[in-house]
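Secondary and tertiary structure notes
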Amino acid sequence: SCNGASIGYYETFSAGEAALQYALNKKCYLVAAAGNEHTDTHYVWPAKSNRCLTISSISYSTGQYTDYTNYGSSVDFAAPGGEDNRRIYGIGKGNNTYEGEYGTSMAAPYYTAVIADLKANGRAFGTLSNLIKSLKSYCNPYLTSSSSYYVGNGCVYLGNAINRTITTDMFKTT
């Protein structure tokens, strides 16, 4: 199975790491939002943990990292997380309402869905490192080469993973 987390602490705690390891031992992949402080994930748990898949945020329209996303060597991948003028809508706090939000908490569920879909279609990954290696092979590059911030290996387009092909038109610059 696969589970997502949108929590963040500025210190690691052993019970949390033990819980992540327990989930991995049960073949449950955990997806964590990188955070929205525009800081290195080295300071943010669980994003800094090597026991989960950490997701940063990029712009859907340009493929560049968003100005709020956390970054760093523990970030595995990125997904569109919304922006001021282009929010991602989800279920609101009231009955039958939708609210537009942005942040890495809006980007991370994309990978929960990708992994769940792949597993539902018979893909088996074994370890977290095998999962990351597999997802890397379905990544679209995005425009961060001039950035000093590392925001992941790219963005997995679900169509690529399902069809086992790569398309490069997910992000278009205008």
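Read on for a plain summary of the structure. These numbers come from a predicted model, not from an experiment.

What counts, and at which threshold
- Residues numbered from 1 in each chain as written.
- Predicted model: local features only at pLDDT ≥ 70, side-chain atom pairs only at ≥ 80, totals over all residues.
- Heavy atoms only, no water.
- Helix = DSSP H or I, 4+ residues; strand = E, 2+ residues; numbered from the N terminus.
- Contact = heavy atoms within 4.5 Å.
- Areas by Shrake-Rupley, 256 points an atom, 1.4 Å probe, with all protein chains shown as cover.
- Phe/Tyr/Trp six-rings, centres within 6.5 Å; stacked < 30°, edge-to-face > 60°.
- Buried < 20%, exposed > 50% of the residue type's maximum accessible area, 1.4 Å probe, protein only.
- Core = buried A, V, L, I, M, F, W, Y, C linked by side-chain atoms within 4.5 Å.
- Salt bridge = Lys/Arg side-chain N within 4 Å of Asp/Glu carboxyl O.

Remarks on the overall build of the chain
Along the chain, the regular secondary structure elements total four helices and eight strands. Listed N to C, the secondary structure of the chain is β-α-β-β-β-β-β-α-α-β-β-α in terms of helices and strands. Of the contacts made within the chain by residues no fewer than 6 positions apart, 63% connect residues no fewer than 24 positions apart. Working note: accessible area of the chain is about 9,300 Å², and carbon and sulfur atoms make up 50% of it.

Comments concerning the packing of aromatic side chains
Under the counting rule described, the total for this entry stands at four aromatic pairs. Plain terms: the ring middles of Tyr68 and Tyr102 are 5.4 Å apart, the flat faces sit at 50° to each other, and that makes the pair tilted. Taken as a pair, Tyr68 in the loop between strand E3 (53–58) and strand E4 (77–80) and Tyr102 in the loop between strand E6 (98–101) and helix H2 (104–120) lie far apart in primary sequence, 34 residues in all. Their ring planes at 80° and their centres at 5.5 Å tell us that Tyr110 and Tyr111 sit as a pair that is edge-to-face. Accessibility expressed as a relative area gives 25% for Tyr110, which makes it partly exposed. Tyr111 gets classed as buried once you look at its relative accessible area, which sits at 0%. Following the ring pairs from residue to residue traces out a cluster consisting of Phe77, Tyr110 and Tyr111.

Brief notes about unusual backbone geometry
With an omega dihedral of 10°, the bond running from Trp45 to Pro46 counts as a cis peptide bond. The residue Pro46 is located in the loop between strand E2 (29–33) and E3 in this model. Despite not being glycine, Lys27 has its phi angle at roughly 65°, a positive value. Mapped onto the elements, Lys27 comes out in the loop between helix H1 (14–25) and E2. On the basis of relative accessible area, Lys27 is assigned to the partly exposed category, the value being 46%. The phi angle at His38 is positive, at roughly 50°, despite the residue not being glycine. One can find His38 in the loop between E2 and E3. Note on His38: relative accessible area 27%, which makes it partly exposed.

Some remarks on the nonpolar core
The biggest cluster of nonpolar side chains holds 25 residues, and the ones touching the most others in it are Leu53, Ile55, Phe77, Tyr111, Leu135 and Val156. Put simply, the parts of the chain that give this core at least two residues each are E2, E3, E4, H2, helix H3 (128–136) and strand E8 (155–156). Beyond its immediate stretch of four places on either side in the chain, Ile55 contacts Val31, Ala32, Ala33, Ala34, Phe77, Ala78, Ala79, Thr104, Ala107, Ala108 and Tyr111. Core analysis: the next-biggest nonpolar cluster, separate from the first, contains seven residues, Leu20, Ala23, Trp45 and Cys52 among them.

Re the pattern of salt bridges
When charged atoms on two side chains of opposite charge get close, those side chains can pair. A full pass over the atoms with the stated rule returns one salt bridge. Close ionic contact of Arg51 with Glu17 constitutes a salt bridge, the shortest N to O distance being 2.3 Å. Note that Arg51 is positioned in the loop between E2 and E3 and Glu17 in helix H1, a separation of 34 residues in sequence. Accessibility expressed as a relative area gives 25% for Arg51, which makes it partly exposed. Residue Glu17 is classed as buried on the basis of its relative accessible area, which comes to 13%.

By themselves these figures say nothing about function.
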